[in-house]
Structure formats: C-alpha cells, structure tokens
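# Reading the structure
What follows is the residue order along each chain.
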Amino acid sequence: MAVKIGVLALQGAFAEHSQYLQRCGAEVVEVRLPAHLDGLDGLILPGGESTTIGKLLRRYQFEEPLRQFSKPIWGTCAGMILLAQEVINGLPDQLMLQRIDLRVTRNAFGRQVDSFTADLEVSNLSQPLPAVFIRAPLAEPLNDQVEVMARYRGQVAAARQGNIWVSSFHPELSGDLRMHQAFVDGCVGSR
Ligand code: GLN
C-alpha cells in the first residue's frame, strides 16, 4: 500500500507540497479537519502565514490532535514556526505546538529581504538544495536533542528532532524533490 501523507490545507502553499509528494509516490490527503489525520503515515504543515494558520487550527480544534500526532511531521516556513517551542516576533496569541526544541524568529530577514533563493548544504543530501526563502524564519536550537540539518548565516534553516522535521525555506518551490523523497522515506520507515 502507498504511504499516505497528509498536507494541512487550511491556508498557504499546500497544493505544491501535494504535487511533490505525489511525484515521490505518496498518496496525499488534504487535511482540513482533525478527523482527516486518522490513518496518516505523516503530515506536512506548509508555508503560508503562521498567525492565520494558527487561528484556523484553533477554530477547527486541531491543537490537541497535533500535539498528540505520533507520525512524522514536517513543518516548512510557517509550519516550522507553528511547531517551535518558542517564537520571537510572534503575535501575543501566536499558536506554538511546541513539538521541536527550537527558538524560531519570524521574518528573520526583515522587510528589506522579502524573498530569495540560496544553494544550501543539507546534511542528508549529497548536493546543495536550491532553497527558496520567503519572509522566512530562522532558528536556534534550545538543546542538543535537535539535529541541525542546514544553517544559513549561522542560524538553523533545517532541523530534525525525532520524527519532527522543519525547514525555514519552501522546498516545494525548489524544483527539487530530494527533501520530499527523504521525508516520504522517513514516513515509510516509521510505519
Ligand atoms: N512570515 C510568515 C509567518 O510568520 C512565514 C512565511 C512563509 O511561510 N513563507 O508565518
């Protein structure tokens, strides 16, 4: 049976993630309600606007189910912010699912640098990844449980802690399937 991966589809760049996952051989479920998490082998929280996604997660009562979800989760950009233990530059009611021990700074590049692409060395990939940063966060680890997979200007741009994966860039816009393939393989491995 194909590995079944959910993509949170409340707001943001979920359609692109779905396409990349399908190209990696996964069956994709667009997750709009907590019940859609049942039976998944993994989940992506996409980029978008973390404050908006956070409000929608509260409205649809996703908070507890996402704190309990035991399969791999990959948060990209806004998704990384949502998974963090601490958020700098968040709104007062910023939702923090606290699934990874990172202190994440929202909009780490300020207003001058809105978006850009950089070739990034990622620890599990043999060649650099063209990483697309869009109003991106950066992070610092809070302890050594966090495995840093990529840094940009000294700060964390991709990391893992157990089965929680994060990246501050948009891998679904890179034209490069390797990180999605690694995540799909990780989901197959933890079935
Ligand atoms: N700056 C956005 C936020 O705080 C994240 C941007 C993105 O996901 N591309 O949610």
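Above this text is the structure in question.
Summary of the structure given here.

The rules behind the values
Here the residue index of a chain counts from 1 through its sequence in written order. Restriction of local features to residues with pLDDT of at least 70 applies here, the model being predicted, together with a cutoff of 80 or more for giving and counting side-chain atom pairs; totals for whole chains, interfaces and linings are based on all residues. Side-chain calculation: all heavy atoms of the structure are included, whereas hydrogens and water are not. Counting from the N terminus, the helices are the DSSP runs of H or I reaching at least four residues and the strands are the DSSP runs of E reaching at least two. The size measure is the radius of gyration over C-alpha atoms, and the globule rule it meets is 2.2 Å times the number of residues to the 0.38 power. The buried label applies to any residue whose accessible area, calculated with a 1.4 Å probe on protein chains only, is under 20% of its type's maximum; exposed applies above 50%, and partly exposed to all values in between. Throughout, a residue-residue contact means that at least one pair of heavy atoms, one from each residue, lies within 4.5 Å. Per-residue and other accessible areas were derived by the Shrake-Rupley procedure at a 1.4 Å probe size, with only the shown protein chains allowed to occlude residues. Lys and Arg are tallied as positive, Asp and Glu as negative. Neither His nor the chain termini are counted. Every charge is mapped to an atom, namely NZ of Lys, CZ of Arg, CG of Asp or CD of Glu. Buried Ala, Val, Leu, Ile, Met, Phe, Trp, Tyr and Cys residues form a nonpolar core when they are joined through side-chain atoms within 4.5 Å. Criterion for a disulfide: a pair of cysteine sulfur atoms at a distance within 2.5 Å. A molecule or strand has a residue near it when one of that residue's heavy atoms lies within 4 Å. Pairs of N or O atoms are called polar contacts if they sit within 3.5 Å, as long as, within protein, a hydrogen donor faces a hydrogen acceptor (for residues adjacent in sequence, only side-chain-to-side-chain pairs). Basically, the charged four are Asp, Glu, Lys and Arg, the nonpolar ten are Ala, Val, Leu, Ile, Met, Phe, Trp, Tyr, Cys and Pro, and anything else, Gly included, counts as polar. To estimate the expected span of a helix, subtract one from its residue number and multiply by 1.5 Å. Put simply, a salt bridge is a Lys or Arg side-chain nitrogen that is within 4 Å of an Asp or Glu carboxyl oxygen. Strand pairing is assigned whenever DSSP identifies at least 2 bridges connecting the two strands. Every crossover in which the path from the first strand over the helix to the second runs clockwise, viewed with the strands pointing away from the viewer, is termed right-handed. In the cavity and pocket records, a cavity denotes points on a 1 Å grid over the protein atoms alone where a 1.4 Å probe fits but cannot get out, a pocket denotes an open set with protein on both sides within 12 Å along at least 5 of 7 lines, and lining residues are residues with an atom within 4 Å of a point. Grid points are joined across faces, edges and corners, and a volume is the space filled by probe spheres set on the points.

The helix and strand tally for the chain stands at five helices and 12 strands. Its C-alpha atoms give the chain a radius of gyration of 15 Å, within 12% of the compact-globule value 16 Å for 191 residues. On the principal axes, the C-alpha backbone points of the chain span a range of 45 × 40 × 30 Å. Out of the 191 residues belonging to the chain, those deemed buried represent 52%. For the chain, contacts bridging at least 24 residues in sequence account for 66% of all contacts bridging at least 6. Summed over all atoms, the accessible surface of the chain reaches about 8,400 Å², with 45% contributed by carbon and sulfur. For the chain, the distance from the average site of its 18 positive side-chain charges to the average site of its 20 negative ones is 3 Å.

Let us look at the nonpolar core. By size, the foremost hydrophobic cluster in this structure holds 34 residues, and its most contacted members are Leu-120, Phe-133, Tyr-152 and Phe-169. Once you skip the residues sitting within four places of it in the chain, Phe-133 turns out to touch Phe-109, Asp-114, Ser-115, Phe-116, Ala-118, Leu-120, Tyr-152, Ala-157, Ser-168 and Phe-169. Core analysis: the second largest hydrophobic core is formed by 33 residues, Phe-62, Ile-73, Ala-78 and Leu-102 among them.

Okay, the state of the cysteines next. One pass over the full model with this rule turns up zero disulfides. Free of any disulfide, Cys-24 has its nearest cysteine sulfur in Cys-187, 11 Å distant.

Turning to the site of the ligand, a few remarks are in order. Taken together, the residues surrounding the ligand are Gly-47, Gly-48, Glu-49, Ser-50, Cys-77, Ala-78, Ile-81, Arg-106, Asn-107, Ile-134, Arg-135 and His-170. Residue Gly-48 places a main-chain N or O atom 2.9 Å away from an oxygen atom belonging to the ligand. The contact in question runs from a nitrogen atom of the ligand to an N or O atom on the side chain of His-170, over 2.7 Å. Look at the ligand: alone it shows 300 Å² of surface, and the protein chains cover 99% of it. Class assignment of the residues belonging to the shell around the ligand gives a composition of four nonpolar, five polar and three charged.

Our next topic: helix α5 (residues 178-189). Taking 1.5 Å as the rise per residue, α5 with 12 residues should run 16 Å; its terminal C-alpha atoms sit 16 Å apart, in good agreement. Within the span of α5, buried status applies to Met-179, His-180, Ala-182, Phe-183, Val-184 and Cys-187.

Taken as a whole and assessed by the stated rule, the structure comprises 10 salt bridges. Between Arg-178 and Asp-176 there is a salt bridge whose closest N-O contact spans 2.8 Å. Asp-176 gets classed as buried once you look at its relative accessible area, which sits at 13%. Taken together, the salt bridges that share partners define one network made up of Arg-58, Glu-63, Glu-64 and Arg-67.

Attention now moves to the pairing of strand β2 (residues 27-31). Pairing geometry for strand β1 (residues 4-8) and β2, over five bridges, is parallel. Paired with Leu-8 across the strands is Val-31, a residue of β2. Chirality of the crossover, the property in question, places the unit of β1, helix α1 (residues 14-23) and β2 among those that are right-handed.

Another point: empty space enclosed by the protein. Tallied over the full model, the rule gives one cavity of 30 Å³ or more. Counted as a void, the largest cavity has a volume near 40 Å³. Around the largest cavity, the lining residues are Thr-51, Gly-54, Lys-55, Arg-58, Leu-91, Asp-93, Gln-94 and Leu-95. Here the lining of the largest cavity is built from residues that sort into two nonpolar, three polar and three charged.

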